[in-house]
Amino acid sequence: MKLTELDHLPDGLLELPATELHNVLGGPTLIHLQGQNPQPLFVTVIQHGNETTGWDAVRRLLKSHYEFDQLPRSLSILIGNTEAAKHRLRRLDDQLDYNRCWPGGNFEDSDIGKMFQQVTDRVRSLSPIAALDFHNNTGLNPHYAAINRIRPEFLRLASRFSSKVVYFTMPVGTQSLSLSKLCPSSTLECGQAGEIHGTDHSMGFLETCLHLDNIPTTPMGAEDVHLFHMVATVRVNKDALFGFGHVPADIAFRENLDVLNFQELPDGISLGDINGGPAQPLVATDINGVDVTGKYFRFDRGQIETVREIMPSMLTPDRRVIQQDCLCYLMDRVHFEDHIEVTDHDPLPESIRRTDRPGEPSL
Ligand SMILES: [Zn+2]
């Protein structure tokens, strides 16, 4: 697989929705646009073909603001899985997940892994101010940023997008994790694809980043950003029948379960009724696959109840996603201190190190 690199936008490209990019580009394409400040902002869109908000934000920004005016800062855009985008899919069946193939992941020897090594080398040579990677998700989730290093400049970059920031170190091979070794980087989760306010928000964020002179490395106060850490993945016991609302299934989840996403829930909150089925209707595992269900839930009172303060994300009413992937992820608030300082070794506070076994967000 060959990477196409361009120093201009092909005619008419900004008019095209994600589904039509493949006809013109034929595959992953890295486009460099010159701005007043030569140090570029590096932006990746459509690593997952059906997550189109990033591309829509880029093309709207360039069309509306910079068709005739020069960019305040150079912009390098990687347009990722155009082939999957053509089919409105995250990836094709015979493709690897692009956002697992960056250097440091498990697919460095694959075609796409080699290409992303090439992209990474190019990005390193450009010394970008920051690297951004735009994604969408399912269910009702607020927009949030994810980072892979807890350093002031990463927190400052991410918190320009959202006050809610998620820290993760797994899965490996994601762009933001890989490029976090080169520059401040972040994965931007922009809600569900096609939502206009996701595009508005992403476009505004891009515009902000293009106008930044630098990203300060001065520490942030704990009040300025809410940082959360993925600690567990929750699945429905495969022997349990489940539904939503008043249903006679083993588990009757409360309706609108996904309104709980990114809400800090106290203990004693019910996620639904238990009418029968297996004794342990939900299974929560940490990243090692260790069953940690009892740490978060109790089931002995006819309800699925939380037993400690916890924040879920990616709760979805989509039965297929629940069956194929998971019910949700659980996150802990990270109480970081102002004195977390910049070193090459990323010393993490003890509170994080203890739980440094996050679940796998589907970034
Ligand atoms: Zn994605």
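Structure's up top.
Keep in mind that this is a model prediction, so the values were computed, not measured.

Chemist: Describe the overall build of the protein, naming the residues involved and giving the relevant values.
Modeler: The secondary structure content of the protein amounts to 10 helices and 17 strands. The C-alpha atoms of the protein give a radius of gyration of 21 Å, which matches the 21 Å a tight globule of 363 residues would have. On the principal axes, the C-alpha backbone points of the protein span a range of 65 × 45 × 40 Å. Long-range pairs, those at least 24 residues apart, make up 75% of the contacts in the protein between residues at least 6 apart in sequence. Carbon and sulfur atoms form 47% of the exposed surface of the protein, whose accessible area is close to 15,600 Å².

Chemist: Can you tell me about the coordination of the zinc ion, naming the residues and giving the values?
Modeler: At the metal site, the zinc ion is ligated by His48 (ND1), Glu51 (OE), Glu51 (OE) and His135 (ND1), and these contacts range over 2.0 to 2.7 Å. Here the zinc ion is ringed by 4 donor atoms whose angles at the metal span 52 to 145 degrees, and the overall shape comes out irregular. Expressed as a motif, the donor residue spacing for the zinc ion is H-x2-E-x83-H. Placement of the pair is His48 in the loop between strand 3 (35-45) and helix 2 (53-65) and His135 in strand 5 (residues 130-135), with a sequence separation of 87 residues. Each member of the pair, His48 as well as His135, is classed as buried.

Chemist: Which residues make up helix 7 (residues 196-211), and what are the values?
Modeler: Each turn of an α-helix holds 3.6 residues, which means side chains three or four residues apart point in the same direction. Here helix 7 is 16 residues long and its end C-alpha atoms lie 23 Å apart, about the 22 Å a rise of 1.5 Å per residue gives. On the buried face of helix 7, the contacting elements are strand 3, helix 2, strand 4 (71-79), strand 5, helix 5 (152-159) and strand 8 (185-189).

Chemist: Give a detailed account of the environment of His65, specifying residues and quantitative values.
Modeler: Structurally, His65 can be placed in helix 2. Considering only alpha carbons, one finds His65 and Asp273, 208 residues apart in sequence, at a separation of 52 Å. Leaving out residues up to four positions away in the same chain, His65 has contacts with Met203 and Glu207.

Chemist: Quick one: what's the story with the pattern of salt bridges, residue by residue and with numbers?
Modeler: Counted under the stated rule, the structure contains 12 salt bridges. We note a salt bridge from Arg59 to Asp56, for which the minimum N-O separation is 3.1 Å. Here the residue Arg59 and the residue Asp56 both occupy positions in helix 2, the gap between them amounting to 3 residues, near one helical turn. Assigned by exposure class, Arg59 and Asp56 land together as buried. Measuring nitrogen to oxygen at the nearest pair gives 3.3 Å for the salt bridge that ties Arg151 to Glu153. Accessibility classification places Arg151 together with Glu153 in one group, the buried group. Connected through shared salt-bridge partners, Glu51, Arg90 and Asp97 make up one network.

Chemist: Summarise the packing of aromatic side chains; cite the residues concerned and give the values.
Modeler: One pass over the structure, following the stated rule, counts 7 aromatic pairs. Both rings, one in Phe297 and one in Phe299, keep their centres 6.3 Å apart while their planes meet at 25 degrees; by these two values the pair is stacked. Just as Phe297 is buried, Phe299 falls in that class too. An aromatic cluster of at least three residues, connected via ring pairs, comprises Tyr98, Trp102 and Phe116. A cation over a ring is seen here: Arg319 above Phe242, with NZ or CZ 4.3 Å from the ring centre.

Chemist: Lay out the sheet that holds strand 12 (residues 270-274) in plain terms, naming residues and giving numbers.
Modeler: For sheets, the rule is that strands pair by backbone hydrogen bonds, running either parallel or antiparallel. Across the sheet, 5 strands lie side by side as 10-11-12-15-14; this open sheet has mixed pairing. Unpaired on one side and paired on the other, strand 10 (242-244) and strand 14 (297-298) mark the two borders of the sheet. In terms of strand pairing, strand 14 meets strand 15 (residues 303-306) through 2 bridges, oriented antiparallel. Each residue of the ladder has a partner; that of Arg298, found in strand 15, is Glu305.

Chemist: Go over the pairing of strand 12, please, and point to the residues and values.
Modeler: When you tally the buried positions in strand 12, you get 4 out of 5 residues, the bulk of the element. The pairing of strand 11 (residues 251-253) with strand 12 spans 3 bridges and is classified as antiparallel. Paired with Phe253 across the bridge in strand 12 is Gly272. Alignment of strand 12 against strand 15, held across 3 bridges, turns out to be antiparallel. When the bridges of strand 15 are listed, Ser270 appears paired with Glu305.

Chemist: Can you lay out unusual backbone geometry for me, pointing to particular residues and giving the numbers?
Modeler: We note that Ile46 has phi near 55 degrees; this positive angle belongs to a residue other than glycine. Among the structural elements, Ile46 can be located in the loop between strand 3 and helix 2. A relative accessible area of 1% means that Ile46 is categorised as buried. Its identity as a non-glycine residue notwithstanding, Asn256 has a phi of 55 degrees, on the positive side. Residue position: Asn256 is located in the loop between strand 11 and strand 12.

Reading the values: rules and limits
Residues numbered from 1 in each chain as written. Predicted model: local features only at pLDDT ≥ 70, side-chain atom pairs only at ≥ 80, totals over all residues. Heavy atoms only, no water. Helix = DSSP H or I, 4+ residues; strand = E, 2+ residues; numbered from the N terminus. Rg over C-alpha atoms; globule rule 2.2 N^0.38 Å. Contact = heavy atoms within 4.5 Å. Areas by Shrake-Rupley, 256 points an atom, 1.4 Å probe, with all protein chains shown as cover. Donors = N, O, S within 2.8 Å, 3.2 Å for Na, K, Ca; no water. Tetrahedral: all angles 85-135°; square planar, octahedral: opposite > 155°, others 65-115°. Buried < 20%, exposed > 50% of the residue type's maximum accessible area, 1.4 Å probe, protein only. Expected span 1.5 Å × (residues − 1). Salt bridge = Lys/Arg side-chain N within 4 Å of Asp/Glu carboxyl O. Phe/Tyr/Trp six-rings, centres within 6.5 Å; stacked < 30°, edge-to-face > 60°. Lys NZ or Arg CZ within 6 Å of the ring centre and 35° of its normal. Pairing = 2+ DSSP bridges.

Function cannot be inferred from these measures alone, as they are strictly geometric.
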